[in-house]
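Given next are the chains, with one letter for each unit.
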Amino acid sequence: GYTRTWLTVDATNSNVTFGGQSTIGGALTGVNGLYGASSTLTGYNNTYAFKDGSSNDYLNINSSEAVFNEGGASRDFRVEGDTDNLLFFVDGSADKIGIGTNVPEGKVHIYGGNASVAPDSDGDDLVVESNTDAGISILAGESDGNTGSLIFGSQNDGNGAGVVWEYYSKTLSVKTQNSDGIL
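Keep in mind it's a predicted model, so treat the numbers as computed, not measured.

On to the overall build of the protein chain. A count of helices and strands for the protein chain gives zero helices and 15 strands. Looking at the protein chain residue by residue over its 183 residues, the buried ones come to 24%. At a minimum sequence separation of 6, the contacts of the protein chain that also span at least 24 residues come to 8%. Accessible area for the protein chain stands at about 12,400 Å²; split by element, carbon and sulfur atoms hold 48% of it.

Given below as structure tokens:
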């Protein structure tokens with residue numbers, strides 16, 4: 001099949017190429033129709049910004065970063081994979097990230113299938129959901145002293161308690177750093 005690159009931004013050299021046919025360097029203003037009839041692409045100081053009709057930024061690109069939704073509007077962002085059209089989804093109105101879902105139920109929601117239950121609000125910062133097995137891997141080196149840990153803390157105690165696996169000694173420990181702590 002035929003593939004054409006419609007837009008290339010080279011912020012380092014101040015060049016923008018449209019449709020592989022025309023290159024414009026330096027300041028670029030008033031290019032309409034990129035994302036609807038009232039959208040524009042403006043360029044200044046090696047930064048290019050896609051704006052809507054209200055001058056809200058959709059995307060800013062410069063030599064060190066690309067920022068989507070600079071103005072903080074309620075805009076979603078989606079990345080498709082080869083077989084997963086919801087590989088990565090940012091829900092702009094809810095300020096949440098979904099991996100495999102466009103309806104994240106926590107700040108970060110990794111979705112592998114419907115478990116038919118919503119997460120508890122005390123544990124919805126990271127949600128891992130599947131309709132079969134689900135899990136999180138914590139992988140660490142095998143040298144003496146290396147551990148894999150799940151640490152619990154608070155505002156005044158960054159390491160209050162934890163579950164620690166030490167591969168070298170083959171030890172799984174439940175620990176508290178507080179001498180008054182109860183296991």
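Take the side chain of R75 next. In this structure, R75 sits in the loop between strand 7 (66-68) and strand 8 (77-79). A distance of 3.4 Å separates polar atoms of two side chains, one belonging to R75 and the other to N69.

On to the environment of E70, then. Counting through the fold element by element, E70 comes out in the loop between strand 7 and strand 8. According to the relative accessible area criterion, E70 is partly exposed, its value standing at 46%. Along the sequence, E70 and Y58 sit 12 residues apart, while their C-alpha atoms lie 6.8 Å from each other. Filtering out sequence-adjacent residues up to four positions away, E70 remains in contact with D57 and N60.

With that out of the way, let us pick up the pattern of salt bridges. Oppositely charged side chains can form a pair if their charged atoms are brought close together. If you walk through the whole model with that rule in mind, you get one salt bridge. A salt bridge links R78 to E80; the nearest nitrogen and oxygen atoms lie 2.5 Å apart.

So, about the pairing of strand 15 (residues 171-176). With six bridges joining them, strand 14 (residues 157-166) and strand 15 adopt antiparallel strand pairing. From the neighbouring strand, E166 faces strand 15, where its bridge partner is T171.

Here we come to the confidence of the model for the protein chain. On average, residues of the protein chain score 79 in pLDDT, and 69% of them are at 70 or above. In the model, residues 20-38 has pLDDT below 50 throughout and makes 40 contacts with residues more than four positions away in sequence or in other chains.

Here the focus is the sheet that holds strand 9 (residues 88-91). What the five strands build is an open sheet, ordered 8-9-10-11-12; its pairing is mixed. Since the sheet does not close on itself, it has two edges, and those belong to strand 8 and strand 12 (126-129), each with one partner. Each strand of the sheet is rotated relative to its neighbour by a mean of 10°, with strand direction disregarded. Where strand 8 and strand 9 come together, three bridges link them in antiparallel fashion. Bridging from a neighbouring strand, F77 pairs with V90 of strand 9.

Take the packing of aromatic side chains next. Following the criterion strictly, the structure yields one aromatic pair and no others. The ring of Y167 has K170 lying over it, and the distance from NZ or CZ to the ring centre is 3.4 Å.

Here three strands make up an open sheet; going across it, the order is 13-14-15 and the pairing antiparallel. Bordering the open sheet on either side are strand 13 (147-154) and strand 15, each of which pairs with just one other strand. In this sheet, neighbouring strand axes are inclined to one another by 20° on average, regardless of whether the strands run parallel or antiparallel.

Inspection of the secondary structure puts L150 in strand 13. What makes L150 partly exposed here is its relative accessible area of 46%. Taking the C-alpha atoms as reference points, L150 and I138, separated by 12 residues in sequence, lie 8.4 Å from one another. Among residues more than four places away in sequence, those in contact with L150 are A161, G162 and V163.

Cut-offs used in this document
Residues numbered from 1 in each chain as written. Predicted model: local features only at pLDDT ≥ 70, side-chain atom pairs only at ≥ 80, totals over all residues. Heavy atoms only, no water. Helix = DSSP H or I, 4+ residues; strand = E, 2+ residues; numbered from the N terminus. Buried < 20%, exposed > 50% of the residue type's maximum accessible area, 1.4 Å probe, protein only. Contact = heavy atoms within 4.5 Å. Areas by Shrake-Rupley, 256 points an atom, 1.4 Å probe, with all protein chains shown as cover. Polar contact = N/O pair within 3.5 Å; in protein donor to acceptor, adjacent residues only side chain to side chain. Salt bridge = Lys/Arg side-chain N within 4 Å of Asp/Glu carboxyl O. Pairing = 2+ DSSP bridges. pLDDT = per-residue confidence, 0-100. Axes fitted to C-alpha atoms, helices over the stretch in contact; angles between N-to-C directions. Phe/Tyr/Trp six-rings, centres within 6.5 Å; stacked < 30°, edge-to-face > 60°. Lys NZ or Arg CZ within 6 Å of the ring centre and 35° of its normal.

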